Every structure is written in C-alpha cells, then in structure tokens.
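What follows is each chain in one-letter form.
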Amino acid sequence: MQVYDVVIIGAGHNGLVCATYLLKAGYSVLVLEKHSVPGGGATTIEAMPKEAPGFKFNLCAIDHEFIHLGPVVSELELSKYGLEYLFCDPVVFCPHPSGKYFLGHRSIEKTCAEIACHHSADAERYREFMNFWQHVLQSMIPIFNASPKSIIDIAGNYDIHKLKSLFSLLSSTSKALDFVRTLLSSSEDVLNEWFESEFLKAPLARLASELGAPPSQKMLAIGAIMMAMRHNPGMARPRGGTGALVQALLNLIHKLGGQVLTEQTVEKILIDNGRAVGVRVGNGTEYRAKHGVISNIDAQRLFSLVDPGDIDTADPDLRERLDSRIINNNESILKIDCALSEPPRFEHYQHQDQYLIGSVLIADSIKQVEIAHTDPSVGKIPDSDPSCYAVVPTMLDPTMAPDGKHTLWIEFFAPYQIENAEGTGLKGTGWTEELKNKVADRVIDKLADYAPNLKRSIMARRVESPAELGERLSVLKGNYYHIDMSLEQMVFFRPLPELANYRTPIAGLFLTGAGTHPGGSISGMPGRNCARAFLQTQRPVAQSLRDAQDFFNQRVSQVFGGQV
Ligand SMILES: Cc1cc2nc3c(=O)[nH]c(=O)nc-3n(C[C@H](O)[C@H](O)[C@H](O)COP(=O)(O)OP(=O)(O)OC[C@H]3O[C@@H](n4cnc5c(N)ncnc54)[C@H](O)[C@@H]3O)c2cc1C
C-alpha cells in the first residue's frame, strides 16, 4: 500500500494549487484524477483531432480575472514553470441592434471615451460607477484570500490601499447605508439607477449575470465587479490556453516531488476511528494519507463516498443538511467550439480586429439577458433570441491554431434538465445529439446576424450539451461552480456553515474547490486557502499565536508607518 502525507481527490486547478502549497511546506502529496487529462474546468486540448488537427480549444474556462486578485501566480512563481499571461485590451465588445456598440478597454478613461460617442451622460456616470465598484472589489480582496471564518487572516490581508477603499465605502452612516442598500439590490436595479442606454446596460447585465443568476436577482448587485475586474486587475489568458496554467502547476508539482495520477476515480474515503486515513480508487487500489485527505470535488459528492455511519458519528445532522441545504439551480452551459478559416467580421459596426481581442457579448437588452437565465431555471431553452458569450482566442494568441486559422469559443446558458423531457436523452435530462445541434445552429445564426461571414468560415464544430458537460466535469446538474454562487452559499455559508473553513467534522478530511469559499472560476484561491487551513491544523497552537503576533506587528507598522 502506498502512503503519502496528503492525498488530494481531483486535479482541478484548485486541487493542484493546494498540492503545490503543501509540497512547498514539506509534505508528500498524491493527486488522484478521474480523467485522462488533468485540469477539470481548466483544460485545453485538440478537441477535434480528425476534423481540425492543430486547433486547440479551451473546453471550459478562458478569461482569467479572479486569479489576479490573489498571490497564487507570484507566490508559486508560475512564470518560471511556463505560465505567461496575455492581458486583453480591449476587454469586451458588444454590438447592439441599434448600430451602437459597447467597446470596453482595460482603461476606464478609454472606455468612457467610447461610451461618449453614443451617450455623453452615461460616459460620465461610467467613470463614477467603476470607481465605486473598484472600491468594493478592493475591500473584498482580503476576504477572498483567507479562510472565511478566520478574522486574523482576513484582517492581516488589509493593507493601507485596501483599508482606504473600505473607509471610502463606510466613511459616514449614510454612505454605509447606501452601500448596504446597493448590495441588497439587483444588478438590473443598479444599472437602471446609473445609466440610460441599453447598449451599455445590456452587456454590463450579461457580465454581472455570469455569477449564474438573472439581472433581476436581488442581493446580487455585486455582479458589477465582473466588469470592474476587467479594468483592474485586468482580464488575461495564458499563452497556449487555460491548460497552460494547469501545465505550469504540474511542472512545479513534479519538480517538488509530488505525484499526479490520472484515470484514478476515487470511490471510497477510508475512515479509521473517525479519521480520514486514505482513499480507494475504482480498481481497488488503496492510497493511505498520514495527515489528511483533501477533496477538490464538492461536499455532496465527497460525502457520498463516505460510509453513512461514519458521517453520522461525526455529525448526526450533516447528511440531511447536505441533501436539503445545498442548492444547485437548473442552469448550465451548452458549449460550442469551432475551427474557423477566418475570424468573424462585424461588418455593420465598422469592423476592427480589436473587437475580437476580449469577449464578444451578444446582449441586446437586459430583458434578453434575463430570459437567458430565467428560462433555464424552469427547464426552457432560451434559444428563440439567444444571448451568448463568444471569444476568438486566436486573435490574442495565434499559437492556438494553424497559421492564419482561428478558433471560436461560445458559451450559451441552457437548462440541465429540460422541462417535460424527464427520463429521455442523456442521463434522463432530455438532451440528445439532435437537440444540442439544433440549439447550436440557432446560437450561431444569431451571432451571424452580427458577423455575416461566420457560417461560411466554420471548418469544424463541436457541441457539448449541459448533460455532457456535467458528465465530463463530474459535477452535479452540470454546475461548473460545483454549487450555486448565490449569497446564502457564499463566504462562511459555502458550502454549509459547518464546512465553511475547508474543514469537515471528520478529522483529517478537508474540502477545497469551486464549492468552497470564495467560489467558482479560475482563481486558485480555494486551493491556497485550503492549504493554509490544513497547515494551521498541523501546527502547535503556540506557533500559530507567534505567527499572528508577527502579522499584527507587521500590519500596524505598515498602516501607521505609512508603508504599503
Ligand atoms: C463552459 C465553461 C466556461 C467557463 N469559463 C470560465 C472563464 O472564462 N473564467 C473563469 O474564471 N471560470 C470559467 N468557468 C468556471 C471554471 O472553469 C470552474 O469554476 C473552475 O475550473 C473550477 O475549478 P476547480 O479546480 O475548483 O474544480 P474542477 O475544475 O471541477 O476540478 C475537479 C476535478 O476533480 C475531478 N474528479 C471528480 N470526481 C472525481 C473522483 N471521484 N476521483 C478523482 N477525481 C475526480 C474532475 O475530473 C476534475 O478534474 C467556466 C466553466 C465552464 C463549464
């Protein structure tokens, strides 16, 4: 039997980030991955080797913003292991049926100048709006980069710059109340309060709704940070695709002596005397973990691998709470990838190639974006007038396709379970080959209304239904954020209050990944935070107290000494 200090279930980017921090701290680590390619939602592969050889596709994540809000890339020195980030500028283009368009640059000033071509008052408001959300974002970064229940860690992450942002939001009672009121409202409410033009509000609503809820969803006005992040810290893509981030992590793990085994599905968590001591994989092999088992899969799936009796002994209420308290709505993604002979041309919008550097949004109105989310929630496919998010990654990174050729990445929100189709199609969801292709045709028709050369440029295409995506990622209901990103499941509620600090009631069993704080997307934060939480459990209390004291001394001298 093979013995390691730590065994990690799943080689998603969070599992790999967690592994590197533990290896650096001197632990021996084994990562077990179900699929043949590590990376989970962060893979880049030649997805159509026969029809489109040499074309590389990001099957899931493409635009990286959150990872630049934390120290993972710099602390792990990932550039030394092959990672190079290419920053997008412009960051977003959204053509509007009126002939106007929104072109967001990395610079707020340049973006305001673009908006001013169509609406000068909205351009002025945009500067103020982004200033406000930048302060919100800066104030939240310390919370993202710490265990949610660890006040000391969170406080320690505030430097003078972030404290100033926080004070600017809370400097008077009326400001603080306005701030709370804003957070309680929806992105639609906030956009209507600030702006008049639909060509601007619709793409901002579309980006805000990337959290997985319609613009009208109360208490999710925070979605506005999705555009704020594109200005600062910016939006970037690894050269070679998202998989290059995973490859850099693998290079580092191998250098540090860690092991990643693919095609190893963990089927059982081994518990001995109430403590997690290892795992068993599909072929019956057992791997022992001396110090801990860490899960990159969500809590519901993790505990389905633990004997019910062991869960009940640790916490008699947990199984019931996992079943009834963790929410996954019905929204997932239908993913379309195409190999193109030429890039799309937005002829009716004085086409410029720079439109294709960032994300291209089809968002004609807030109402269209609303339906893109509310239809899936009741099992309907919002394809009568599709809103979508498209990227031509090869405009920024030509290495991802043969010379002169391009790729197209399209994300279309769709239901996991189709209404009135229960029990049919893949996994009983109603999704069939015919249906997914019919929906993809409609999405491409819509995009072609704006870029008329699109259809004749498609050399090959791959369509993945939500049911297939759910199978590929092994996530429940096709939820690539593992569990919903709704407020009642964020911060110290993610995934449940008793599991929120990356620990579980079973000794030696830890949780990381998108289903833990601060949530889904490419950030590496759950992986890093979990590694820190694990290390804290391994250290004597006296050492932790000494660290906390050093930390406070350092912060006090920074704040009062005026250093950053
Ligand atoms: C179409 C699409 C587009 C997206 N676009 C973006 C984007 O542009 N930007 C962004 O930031 N985010 C994006 N996301 C979200 C992002 O991809 C995910 O939130 C993120 O990859 C989650 O990472 P993770 O490491 O927490 O989990 P995962 O990537 O889900 O990794 C979990 C790993 O565990 C493995 N596993 C599961 N069960 C077992 C088992 N029993 N034994 C062993 N291994 C197991 C899985 O195979 C997987 O490799 C997108 C997602 C999708 C689907």
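Since we're looking at a predicted model, the values are computed, not measured.

A. Quick look at the pattern of salt bridges. Taken as a whole and judged by the stated rule, the model has 31 salt bridges. A salt bridge links R206 to E210; the nearest nitrogen and oxygen atoms lie 3.4 Å apart. Considered together, R206 and E210 belong to a single accessibility category, that of buried residues.

B. Up close: empty space enclosed by the protein. One pass over the structure, following the stated rule, counts four cavities of 30 Å³ or more. Space inside the largest cavity adds up to approximately 70 Å³. Of all the secondary-structure elements, those providing two or more residues to the lining of the largest cavity are α8 (187-194) and α9 (198-208). With three residues, α8 is the single largest residue contributor to the lining of the largest cavity.

C. Layout of the sheet that holds strand β15 (residues 388-391). With mixed pairing, seven strands are arranged side by side in an open sheet as β7-β6-β14-β15-β16-β13-β17. Since the sheet does not close on itself, it has two edges, and those belong to β7 (101-104) and β17 (458-464), each with one partner. In this sheet, adjacent strand axes meet at a mean angle of 20 degrees when their direction is disregarded. Looking at chain direction, strand β13 (residues 331-340) and strand β16 (residues 406-415) are connected through 10 bridges and run antiparallel. If you follow C338 over to β16, its bridge partner there is L408. Those strands touched by α9 are β6 (92-95), β7, β14 (359-362), β15 and β16, and its axis lies near 55 degrees from that of β7. Each of β6, β13, β14, β15, β16 and β17 touches helix α16 (residues 433-450); the most contacted strand, β17, lies at about 130 degrees to it.

D. Region of the structure containing the nonpolar core. Of all hydrophobic cores here, the largest spans 96 residues; its most connected members are F102, Y126, F129 and W133. If you tally residues by element for this core, the top one is helix α4 (residues 120-144), at 10 residues. The contacts of Y126, once residues within four sequence positions are left out, are F102, I108, T111, C112, I115, F195, L200, L204, M227 and H231. Core analysis: the next-biggest nonpolar cluster, separate from the first, contains 40 residues, V29, A236, L245 and A533 among them.

E. Representation of unusual backbone geometry within the structure. In this model, N232 is joined to P233 through a cis peptide bond whose omega is 15 degrees. With a phi close to 55 degrees, K427 is a non-glycine residue in the positive phi region. Judged by relative accessible area, which is 56%, K427 ranks as exposed. Although it is not a glycine, V491 sits at a positive phi angle of roughly 50 degrees. Within the secondary structure, V491 is located in the loop between α18 (466-473) and β18 (509-511). The exposure class assigned to V491 is partly exposed, which follows from its relative accessible area of 28%.

F. A look at the site of the ligand. Contacts to the ligand come from 36 residues, most closely from E33, G41, D63, A514 and I522. For the ligand, an oxygen atom lies 3.4 Å from a polar atom in the side chain of N296. One of the backbone nitrogen or oxygen atoms of A514 is found 2.8 Å away from an oxygen atom of the ligand. Summarising the interface, the protein chains cover 96% of the accessible area of the ligand, which totals 1000 Å² for the free molecule. Those elements giving two or more residues to the shell around the ligand turn out to be α1 (13-24), β13 and β16. For the shell around the ligand, the residue count by class is 14 nonpolar, 16 polar and six charged. Two domains share the shell around the ligand, each providing at least three of its residues, namely domain 1 (2-42 + 241-327 + 479-545) and domain 3 (329-475).

What counts, and where the lines are drawn
Residues numbered from 1 in each chain as written. Predicted model: local features only at pLDDT ≥ 70, side-chain atom pairs only at ≥ 80, totals over all residues. Heavy atoms only, no water. Salt bridge = Lys/Arg side-chain N within 4 Å of Asp/Glu carboxyl O. Buried < 20%, exposed > 50% of the residue type's maximum accessible area, 1.4 Å probe, protein only. 1 Å grid on protein atoms, 1.4 Å probe; cavity = no way out; pocket = protein on both sides within 12 Å on 5 of 7 lines; lining within 4 Å. Points joined across faces, edges and corners; volume = space filled by probe spheres on them. Helix = DSSP H or I, 4+ residues; strand = E, 2+ residues; numbered from the N terminus. Pairing = 2+ DSSP bridges. Axes fitted to C-alpha atoms, helices over the stretch in contact; angles between N-to-C directions. Contact = heavy atoms within 4.5 Å. Core = buried A, V, L, I, M, F, W, Y, C linked by side-chain atoms within 4.5 Å. Near = heavy atom within 4 Å. Polar contact = N/O pair within 3.5 Å; in protein donor to acceptor, adjacent residues only side chain to side chain. Areas by Shrake-Rupley, 256 points an atom, 1.4 Å probe, with all protein chains shown as cover. Nonpolar A, V, L, I, M, F, W, Y, C, P; charged D, E, K, R; others polar. Domains from an automatic or database assignment.

By themselves these figures say nothing about function.
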